[in-house]
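# A structural walkthrough
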Amino acid sequence: MMKMAESLELVIITGMSGAGKTVAIQSFEDMGYFCVDNLPVPLIPKMAELLSVPGTEINKAALGVDIRSGQNFYELKKILKELDRSGTRFEILYLESSDDVLIKRYKETRRFHPLSGKDGRVEEGIKEERKRLEFLRERADYLIDSSRMLTRELRAELSKI
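Just so you know, these numbers come straight off a predicted model, no measurement behind them. (Residues numbered from 1 in each chain as written. Predicted model: local features only at pLDDT ≥ 70, side-chain atom pairs only at ≥ 80, totals over all residues. Heavy atoms only, no water.)

## Re the pattern of salt bridges
In total, this model carries eight salt bridges according to the counting rule given. Put simply, Arg155 and Asp30 hold a salt bridge, and the shortest N to O gap is 3.6 Å. Taken as a pair, Arg155 in helix α6 (residues 151-160) and Asp30 in helix α1 (residues 21-30) lie far apart in primary sequence, 125 residues in all. What makes Arg155 partly exposed here is its relative accessible area of 29%. Across the pair Glu157 and Lys160 runs a salt bridge whose closest N-O atoms are separated by 3.4 Å. Pair noted here: Glu157 and Lys160 are both in helix α6, with a separation of three residues, about one helical turn. A relative accessible area of 28% means that Glu157 is categorised as partly exposed. For Lys160, a relative accessible area of 65% gives the class exposed. A single salt-bridge network, built from bridges that share partners, covers Glu128, Lys131 and Arg132. (Salt bridge = Lys/Arg side-chain N within 4 Å of Asp/Glu carboxyl O. Helix = DSSP H or I, 4+ residues; strand = E, 2+ residues; numbered from the N terminus. Buried < 20%, exposed > 50% of the residue type's maximum accessible area, 1.4 Å probe, protein only.)

## Describing the nonpolar core
Counting 46 residues, the largest nonpolar core has Ile13, Phe28, Ile44, Leu76, Leu80 and Leu136 as its most contacted members. Beyond its immediate sequence surroundings of up to four residues, Ile13 is in contact with Lys21, Ala24, Ile25, Phe28, Ala62, Leu63, Gly64, Val65, Leu93 and Leu95. (Core = buried A, V, L, I, M, F, W, Y, C linked by side-chain atoms within 4.5 Å. Contact = heavy atoms within 4.5 Å.)

## Considering the packing of aromatic side chains
For any pair of aromatic rings, geometry is given as the distance between the ring centres together with the angle between the planes. Across all of its chains, the model carries one aromatic pair by this definition. Seen in terms of ring centroids, Phe28 and Tyr33 are 4.9 Å apart; in terms of plane orientation they differ by 75°. Their pairing is edge-to-face. An identical accessibility class is assigned to Phe28 and Tyr33; each is buried. (Phe/Tyr/Trp six-rings, centres within 6.5 Å; stacked < 30°, edge-to-face > 60°.)

## What about the sheet that holds strand β3 (residues 60-64)?
Strands sit in the order β2-β3-β1-β4-β5 across an open sheet of five strands; the sheet is parallel. Each end of this open sheet is capped by a strand with a single partner; those strands are β2 (34-37) and β5 (142-145). Strand-to-strand twist across the sheet, computed as the mean angle between neighbouring axes with direction ignored, equals 15°. Taken together, the six bridges between strand β1 (residues 9-15) and strand β4 (residues 90-96) define a ladder with parallel strand orientation. (Pairing = 2+ DSSP bridges. Axes fitted to C-alpha atoms, helices over the stretch in contact; angles between N-to-C directions.)

## A word on α1
Of all the positions in α1, only Lys21, Val23, Ala24, Ile25, Ser27 and Phe28 are classed as buried. Residues of α1 that are buried make contact with β1, β2, β3, β4 and α6. Looking one or two places after α1, you find Gly32, whose phi comes out positive at around 90°.

## Observations regarding unusual backbone geometry
Phi is positive for Asn38, which is not a glycine, with a value near 60°. Among the structural elements, Asn38 can be located in the loop between β2 and α2 (44-51). Note on Asn38: relative accessible area 30%, which makes it partly exposed.

Right, dumping it as structure tokens:
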């Protein structure tokens, strides 16, 4: 394993579907971060390694990781431990919203929740997603509840961090 450069600032953006991860990634991009959304989980260590090579132009990166990663998502716990062992410094930003707000957002956009199943029950998808993401929520360095936030308020909150 390659020694990590001290200067890489790595943020993993995650959280509930519909809680504002896309807005967060766009905000980080606006703040000069190199951003990759929906990066397959197994590629996270490789990406961190590539970004931390001394002399690289990129010293700030944000990776969007969420439940859409499918089966690979379960590997995330192991990969975070791997990053810790390799000395890679990273922070986790976790976005969440209340069930009511998430349901409302899904109805407004007419999109399907990634875990809603064949019957399309958003409530069931949200409940399952909360369970699967609990380990990330517990480990998060930053936890933002976007339930009562407008997009611009979320952006302002992110720029404070």
